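The chain contents come next:
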Amino acid sequence: MSTGFFPVERVPYEGPNSTNPLAFRHYNPDEMVMGKRLEDQLRFAVAYWHSFAYEGLDPFGGPTFQRPWFPANNQKAAKLKADVAFEMFTALGVPFYAFHDADIRPDLGSFKENRKAYEAIVDIFAAKQEETGVGLLWGTANLFSHRRWMAGASTNPDPEVFAYAGATIKTCLDATHRLGGQNYVLWGGREGYETLLNTDLKREDDQMGRMLNMVVDYKHKIGFKGQIMVEPKPQEPSKHQYDYDVATVYGFLKRHGLENEVKVNIEQGHAILAGHSFEHEIAMAQALGVFGSIDMNRNDYQSGWDTDQFPNNVPEVALAYSYILQGGGFTQGGTNFDSRIRRQSLDAEDLLIAHIGAMDTCARGLKAAAAMLEDGTWPNFVENRYSGWNSDYWQGVLAGKVGLEALAAKVETEGIEPEPVSGKQEYLENVLNRFV
Ligand code: XLS
Ligand code: NI
Ligand code: NI
């Protein structure tokens with residue numbers, strides 16, 4: 001029996017000319033794009049926290065959303081929340097969702113009570129996944145909201161907090177495994193510092209590395225086949241976060257021997273906060289062999305913080321997907337909408353409308369990206385730009401067969417005087433604009 005929370009049970013695809021706000025105009029899951037169904041290319045997931053746990057607070061104001069499951073301080077409310085959540089996943093036709101422990105269960109005070117409440121909701125999720133065919137893209141632990149985490153989780157100066165973090169991650173990994181999750185994410189919201197004055201960087205790095213190694217060991221022990229992913233972010237809530245960006249996370253993984261075990265979950269808004277573009281972070285992760293999944297959202301360009309709005313800029317999204325497709329597309333990862341409606345968007349249908357717009361934006365972006373690659377002008381240009389390196393001699397240089405002296409001798413004996421060539425930026429921008 002439906003809860004009747006949403007005005008429709010299923011959002012149809014009606015094509016580009018539809019003006020129905022509760023219909024897709026560009027996301028037709030069965031459309032084939034680069035040899036795969038659109039649904040399998042995009043692998044959409046809804047973020048449980050933003051759509052069902054967020055109450056509409058901001059730093060200056062309290063809750064604005066009056067949902068029938070608020071206050072979600074008991075199992076009955078948590079169950080109703082789960083019912084509505086799965087109704088929305090089904091209405092949108094998304095194949096996946098993602099959640100933190102604290103999003104789905106009430107806070108009953110002790111670790112043990114919370115674990116039991118959490119596992120009871122996970123049981124409900126298991127039945128609902130079975131019934132609806134919706135799967136889990138990733139599970140994660142909320143190691144940042146409760147006051148116990150204020151000085152960090154694995155990086156806390158108090159070893160008992162480290163233990164509590166480990167116990168929480170274990171519980172969440174067990175649940176993710178049980179639900180057939182494709183990935184498990186660690187986002188270190190409080191793994192950083194407010195002031196360097198009270199912080200020992202070296203110790204905190206060692207603690208965080210040790211925790212991640214324990215997570216990887218445990219994953220193998222229980223036979224979890226999902227990817228373990230770290231989600232980079234430079235700051236907020238901490239003034240400085242250790243998982244600053246993709247390159248920083250890669251250095252951390254190398255330092256702790258985890259570069260072949262752990263991948264990255266890249267969020268649009270975090271990339272911008274780090275002073276990068278989304279596509280930079282994606283391309284960097286691919287170059288380093290650690291690309292895993294994306295959190296799709298956008299930040300307000302004026303406010304300078306992680307506003308987690310739904311994406312609506314097709315050219316930007318197209319560029320991001322063009323790099324994902326060039327890397328072969330998603331394997332276990334997907335497009336998780338780490339996005340929330342604004343606190344004035346009070347209506348149940350606003351949740352649907354937000355996701356519909358975002359899914360249409362992503363569909364248009366992915367189709368544009370596929371067209372750019374199928375056209376070939378752009379990737380061929382880049383390939384060509386480096387073609388001088390393809391000969392045996394220059395490959396040998398890269399392979400270490402030539403040293404600095406030999407290189408210097410070559411320049412003089414052959415009279416090498418390189419002639420600069422145009423980088424063609426505007427030409428390439430115009431080429432890509434043909435597809436968006
Ligand atoms: C916060 C993060 C968070 C992670 C999951 O900025 O994006 O939502 O995705 O803990
Ligand atoms: Ni975020
Ligand atoms: Ni995120």
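Here, the structure is the one placed above.
Residues numbered from 1 in each chain as written. Chains lettered and ligands numbered in written order. Predicted model: local features only at pLDDT ≥ 70, side-chain atom pairs only at ≥ 80, totals over all residues. Heavy atoms only, no water.

Colleague: So what's going on with the site of ligand 1? Which residues, and what values?
Modeller: The environment of ligand 1 is made up of Trp49, His100, Trp138, Trp187, Glu231, Lys233, Glu267, His270, Asp295, Asp306 and Asp338. With respect to ligand 1, the side chain of Trp49 contributes an N or O atom lying 3.4 Å from an oxygen atom. With respect to ligand 1, the side chain of Lys233 contributes an N or O atom lying 2.9 Å from an oxygen atom. Here ligand 1 has 290 Å² of accessible area as a free molecule, and 94% of this is covered by the chains. (Near = heavy atom within 4 Å. Polar contact = N/O pair within 3.5 Å; in protein donor to acceptor, adjacent residues only side chain to side chain. Areas by Shrake-Rupley, 256 points an atom, 1.4 Å probe, with all protein chains shown as cover.)

Colleague: Any chance you could break down the packing of helix α10 (residues 278-288) against helix α11 (residues 314-326) for me, citing the residues and the numbers?
Modeller: Look at α10 against α11: their axes get within 8 Å of each other, and the N-to-C directions meet at 10 degrees. When the axes of α10 and α11 are compared, the pair comes out roughly parallel. Within the contact between the two elements, α10 uses Phe278, Glu279, Ile282, Ala283 and Gln286 and α11 uses Leu319, Ala320, Tyr323 and Ile324. Split by residue class, the contact of α10 with α11 holds seven nonpolar, one polar and one charged. (Axes fitted to C-alpha atoms, helices over the stretch in contact; angles between N-to-C directions. Helix = DSSP H or I, 4+ residues; strand = E, 2+ residues; numbered from the N terminus. Parallel < 35°, antiparallel > 145°, perpendicular 65-115°, else oblique. Contact = heavy atoms within 4.5 Å. Nonpolar A, V, L, I, M, F, W, Y, C, P; charged D, E, K, R; others polar.)

Colleague: Go over the coordination of the nickel ion (ligand 3) with me, naming the residues and quoting the values.
Modeller: Protein ligation of the nickel ion (ligand 3) involves Glu231 (OE), Glu267 (OE), Asp295 (OD) and Asp338 (OD), the donor distances falling in the range 2.0 to 2.1 Å. Taken together, the six donor atoms coordinating the nickel ion (ligand 3) and their angles of 80 to 174 degrees define a geometry best described as octahedral. All donors of the nickel ion (ligand 3) belong to a single chain; written as a sequence motif, their spacing is E-x35-E-x27-D-x42-D. Given a relative accessible area of 6%, Asp338 falls into the buried group. (Donors = N, O, S within 2.8 Å, 3.2 Å for Na, K, Ca; no water. Tetrahedral: all angles 85-135°; square planar, octahedral: opposite > 155°, others 65-115°. Buried < 20%, exposed > 50% of the residue type's maximum accessible area, 1.4 Å probe, protein only.)

Colleague: With reference to specific residues and values, describe the coordination of the nickel ion (ligand 2).
Modeller: The protein atoms that coordinate the nickel ion (ligand 2) are Glu267 (OE), His270 (NE2) and Asp306 (OD), at distances spanning 2.1 to 2.6 Å. Distance-wise, the nickel ion (ligand 3) is placed 3.7 Å from the nickel ion (ligand 2), both being coordinated by Glu267. Taken as a pair, Glu267 and His270 share a single burial class, namely buried.

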